[in-house]
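In case you want the letters, here they are:
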Amino acid sequence: MTVAEAIPYSQIPARAVPILHSPMPDEQLLAERVARFADVKPRPFDHEGDHEDLDGARFTHHFIDAPGDEETVRFHYAEAGNGEPIVFLHGIPDSWYQWHHQMAALSTTHRCIAFDLKGYGQSSKEFGDYRHEAAAEQLVSALDLIGVDTFNIVAHDRGTAQADFIVANHPDRVLRYGRGEQHLYHFHPDLAPQAPLFADAPRTGLMDDPRYFVVWLYTWITKHPIGDDDLRRTIQEFSYPDINRAVPRYFNSQSFRQEWLRRRRDLLPAWR
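Parameters at a glance
- Residues numbered from 1 in each chain as written.
- Predicted model: local features only at pLDDT ≥ 70, side-chain atom pairs only at ≥ 80, totals over all residues.
- Heavy atoms only, no water.
- Helix = DSSP H or I, 4+ residues; strand = E, 2+ residues; numbered from the N terminus.
- Rg over C-alpha atoms; globule rule 2.2 N^0.38 Å.
- Buried < 20%, exposed > 50% of the residue type's maximum accessible area, 1.4 Å probe, protein only.
- Areas by Shrake-Rupley, 256 points an atom, 1.4 Å probe, with all protein chains shown as cover.
- Lys, Arg positive; Asp, Glu negative; His and termini not counted.
- Charge placed at Lys NZ, Arg CZ, Asp CG, Glu CD.
- Salt bridge = Lys/Arg side-chain N within 4 Å of Asp/Glu carboxyl O.
- Pairing = 2+ DSSP bridges.
- Expected span 1.5 Å × (residues − 1).
- Contact = heavy atoms within 4.5 Å.
- Polar contact = N/O pair within 3.5 Å; in protein donor to acceptor, adjacent residues only side chain to side chain.

S.K.: So what exactly am I meant to see when it comes to the overall build of the protein here?
M.R.: Helices and strands together make up the secondary structure of the protein, namely 13 helices and seven strands. Computed over the C-alpha atoms, the radius of gyration of the protein is 19 Å, within 12% of the 19 Å expected from 2.2 N^0.38 for a compact globule of 272 residues. Based on the C-alpha atoms only, the size of the protein along its principal axes is roughly 50 × 50 × 35 Å. Looking at the protein as a whole, 51% of its 272 residues are labelled buried. Approximately 13,100 Å² of the protein is accessible, and the part contributed by carbon and sulfur atoms is 53%. The average position of the 28 basic charges and that of the 40 acidic charges among the side chains of the protein differ by 4 Å.

Structure representation (structure tokens):
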């Protein structure tokens, strides 16, 4: 018996059972919500040094070409403020913009840096290595190039899957880790029904309509409603070309089970 086989799944907690048995969002409700955003148009690409003001803070857009897996990966990121760095990594279906409220609040005391993960937003979407460990190392290379040596890291969802590797592989560089919305020690595959849906997205077209996908996902998984302005921008951020082809590569590069086993065997023991 291998080490991987010796790690048992955790029993699904009672509080999760009703959620697992609840249906997908009602299609009529989805249609009504999607119709509210029928006027949302794709957002133009930003350019190096572009500014925008959000929540009373000045955000600057940047692009950096980092070494990839035998190619160059262009990362888009936005930053605000000065001081000790905080690096923010978003989830699906989001972008750097997911963090703009937190960044604005913290920019008075910190240098807040939020990336579009590879395959999302305005970052590269070319073929390549979409395993989370590889993407995480490419992010670290980008941080090297912009002069960020030690930093705090705050992550959510798929960003957390990459942050886990950064914290394990570069513990001397990470000051603090705010880890959000991702399996940690316990796991059961029934708690990750989205994985096969997202992996099959290029075939089924699930991500082809950004309005539908963003509204569907946030109707399905969100307990508290997201404001229309934030949903509009999220739709725009998911509308950049080829996101619908790039993002599923993550889900075809490793399963949630594989992520969990790496976490249990290798990553958690390396965290400081």
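S.K.: In this structure, what is going on with the pattern of salt bridges? I would like to understand it.
M.R.: Any two side chains of opposite charge can pair if their charged atoms end up close together. Going through the model one piece at a time under the given rule, you end up with 22 salt bridges. Between arginine 176 and glutamate 84 there is a salt bridge; the shortest N-O distance is 2.9 Å. Linking arginine 176 in strand 7 (residues 174–180) with glutamate 84 in strand 4 (residues 84–89), this pair joins segments that are 92 residues apart in sequence. The shortest N-O distance in the salt bridge between arginine 245 and aspartate 208 comes to 3.2 Å. Pair noted here: arginine 245 is in helix 11 (residues 243–246) and aspartate 208 is in the loop between helix 8 (201–204) and helix 9 (210–221), with a separation of 37 residues, a long-range link. For arginine 245, a relative accessible area of 35% gives the class partly exposed.

S.K.: Honestly, the pairing of strand 1 (residues 51–54) in this entry has me stumped. Any pointers?
M.R.: Every regular strand shows the same layout, with side chains that alternate between the two sheet faces. Residues Glu52 and Leu54 of strand 1 are buried on one face, while the alternating residues His51 and Asp53, pointing to the opposite face, are not. Counting the residues between successive antiparallel strands, the hairpin from strand 1 to strand 2 (residues 57–67) contains two residues, one of them, aspartate 55, with a positive phi of roughly 50°.

S.K.: I'm lost on helix 9 in this one. Help?
M.R.: Since there are 3.6 residues in each turn of an α-helix, residues three or four apart along the chain are aligned in direction. The end-to-end C-alpha distance of helix 9 is 16 Å, a good match for the 16 Å that twelve residues give at a rise of 1.5 Å each. Along helix 9, the positions that sit buried rather than exposed are Pro210, Phe213, Val214, Val215, Trp216, Leu217, Tyr218 and Thr219. Those residues of helix 9 that are buried are in contact with helix 3 (27–35), helix 7 (194–199) and helix 10 (228–237). Measuring from the side-chain oxygen of the N-cap residue of helix 9 to the backbone nitrogen of arginine 211 gives 3.1 Å; that N-cap residue is aspartate 209.

S.K.: It is not clear to me how the side chain of histidine 188 should be interpreted in this structure. Could you clarify?
M.R.: Summarising the element assignment, histidine 188 is placed in the loop between strand 7 and helix 7. Other than its neighbours up to four places away in sequence, histidine 188 contacts Tyr9, Ser10 and Ile12.

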